[in-house]
Amino acid sequence: MRTLPFSIIICALLLCNCSSNDNENIIINTPETSNPEIYFPPLNSDEWESKTPESLNWNSHEISTLLNYLEEKNTKGFMILHNGKIVIEAYMNQHSESSSWYWASTGKTLTSTIAGIAEDEGLIALNNKVSDYIGNGWTSLSLEKENLITCKHLLSMTSGIDNTQGDNVSAENLQYTADAGTRWAYHNVYVKMQDVIAQSSGDSWNDYFNIKLKNKIGMTGSWIAINDLNVFWSTTRSMARFGLLIYANGMWNNTLIVSNSYLNQATNTSQNINLAYGYLWWLNGKSSYHLPQSQFEFPGKLIPNAPDDMFAALGKNDQKIYVVPSKKLVIIRMGESADDENFALSTFDNDLWEKINTVIN
């Protein structure tokens, strides 16, 4: 076998067990207390405990095949956590543990989570109209139609705004296509939630994000304006910290960051048009799904090879956060597009899960 130009960290400690989740529109509320089985890496430290694939009865001899595939598919950083501990960590294609990379639309789930924190604090209500916070005239719609758009519509991609006008979210570019709540369309208008939160909190978006989320879980990284987009950049480990927070139902050690009740809403079907979409999270195991830039409904699961309870943050050119409660996994992939340029979901998701399954099953 050829030698690969990446570093792999596969270390050992302790043993663990397994759990399960639910389906379609069922929301499960669990106590907002820390699960003692889940490991959290310390803040402001490079320390992160690990365990061996063998301790989980994984097929360790298949790991090299998985990592070869990832390298060939332009991956830069890849991690698998089990109950918070690192089982596999690999860097390739001139990337390292300290290298920063863009989240693209994977970062939508950061906005979703901050919205939950703001709601928990009583600063916003998702069923309130957006103009309650940022004033009238934030779109080119009539006042009657603009007032139909709530915060929940922004988070569920059902604002009714014309998604063919590009990513610019100036008022003149936000034009009417349908009444809010009647049409699902993937669009950058969700970013107006950042304005809502800034106005309601009295802080800038960056300050509120840093204080309420980033610093509390030990993330690094920053938001960078690129054309009409506000894109988060960080290390692979920082993305993994965020995925771990979501897996842990909004807890970090014994600190509540965002309520489990909100995360249950965010990671379950949020409307009846695209069953595979929550609040900026993609959901597996549903009976049908829509794709970005499409109004077609496709039958079946979003990612057939992935577990039904898996939900995901998906970004342009195959940035991935997969959370699988039943298998206690958080999986991170950063890099260039595996094949062709894409907006979020691609055929790479299903192919990658086929390779992951050979390791974990």
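Residues numbered from 1 in each chain as written. Predicted model: local features only at pLDDT ≥ 70, side-chain atom pairs only at ≥ 80, totals over all residues. Heavy atoms only, no water.

Peer 1: Describe in detail the overall build of the chain, supporting the description with residues and values.
Peer 2: Helix and strand counts for the chain come out as 10 helices and 14 strands. The C-alpha atoms of the chain give a radius of gyration of 20 Å, which matches the 21 Å a tight globule of 361 residues would have. C-alpha extents for the chain along the principal axes are approximately 65 × 40 × 40 Å. Intrachain contacts of the chain at a sequence separation of at least 6 include 66% that bridge at least 24 residues. Roughly 14200 Å² of accessible area belongs to the chain as shown, and the carbon and sulfur atoms make up 47% of that amount. Computed over 24 positive and 38 negative side-chain charges, the inter-centroid distance for the chain is 2 Å. (Helix = DSSP H or I, 4+ residues; strand = E, 2+ residues; numbered from the N terminus. Rg over C-alpha atoms; globule rule 2.2 N^0.38 Å. Contact = heavy atoms within 4.5 Å. Areas by Shrake-Rupley, 256 points an atom, 1.4 Å probe, with all protein chains shown as cover. Lys, Arg positive; Asp, Glu negative; His and termini not counted. Charge placed at Lys NZ, Arg CZ, Asp CG, Glu CD.)

Peer 1: Describe the confidence of the model for the chain, listing the residues and the values that go with them.
Peer 2: Taken as a whole, the chain shows an average pLDDT of 91; of its residues, 90% reach a score of 70 or greater. In this model, residues 1-31 is a region of pLDDT below 50 whose contacts with residues beyond four sequence positions or in other chains number 88 contacts. (pLDDT = per-residue confidence, 0-100.)

Peer 1: Summarise the nonpolar core; cite the residues concerned and give the values.
Peer 2: If you look at the biggest cluster of nonpolar residues, it comprises 111 residues, and the most contacted ones within it are Leu213, Phe242 and Trp353. In terms of residues, this core owes the most to one element, helix H8 (residues 236-247), which gives seven residues. Look past the residues within four positions of phenylalanine 242 in its chain and what remains in contact with it is Trp103, Thr109, Leu110, Thr113, Leu213, Ile217, Met219, Trp281 and Ile321. (Core = buried A, V, L, I, M, F, W, Y, C linked by side-chain atoms within 4.5 Å. Buried < 20%, exposed > 50% of the residue type's maximum accessible area, 1.4 Å probe, protein only.)

Peer 1: So what's going on with the packing of aromatic side chains? Residues and values would help.
Peer 2: In this structure the tally under the stated criterion is 22 aromatic pairs. With a centroid separation of 6.4 Å and 40° between ring planes, the pair formed by tryptophan 184 and tyrosine 186 is classed as tilted. Pair check on accessibility: tryptophan 184 and tyrosine 186 agree, each one buried. An aromatic cluster of three or more residues is present, and its members are Trp103, Trp205, Phe209, Trp223, Phe232, Phe242, Trp281 and Phe311. Over the ring of tyrosine 69 we find lysine 355; its NZ or CZ atom is 4.4 Å from the centre of that ring. (Phe/Tyr/Trp six-rings, centres within 6.5 Å; stacked < 30°, edge-to-face > 60°. Lys NZ or Arg CZ within 6 Å of the ring centre and 35° of its normal.)

Peer 1: Requested: an account of the sheet that holds strand E6 (residues 229-234), with residues and values cited.
Peer 2: A sheet is described by the order of its strands in space; here three strands give the open sequence E4-E6-E5, paired in antiparallel fashion. The open sheet has two free edges, formed respectively by strand E4 (101-102) and strand E5 (222-226), since each of these has just one partner strand. Of the pairings in the sheet, the one linking E5 to E6 comprises five bridges and is antiparallel in character. By the bridge assignment, isoleucine 226 is partnered in E6 with leucine 229. (Pairing = 2+ DSSP bridges.)

Peer 1: With reference to specific residues and values, describe the pattern of salt bridges.
Peer 2: Here the idea is simple: oppositely charged side chains can pair when their charged atoms come close. Counted according to the given criterion, the structure contains 12 salt bridges. Of the charged contacts in the structure, one is a salt bridge between lysine 129 and aspartate 132, with a shortest N-O distance of 3.0 Å. Given the relative accessible area of 28%, lysine 129 is considered partly exposed. Accessibility expressed as a relative area gives 42% for aspartate 132, which makes it partly exposed. For lysine 192, the salt bridge goes to aspartate 195, with nearest N and O atoms at 3.5 Å. Within this pair, lysine 192 and its partner aspartate 195 are both found in helix H6 (residues 192-201), separated by three residues, close to a single helical turn. (Salt bridge = Lys/Arg side-chain N within 4 Å of Asp/Glu carboxyl O.)

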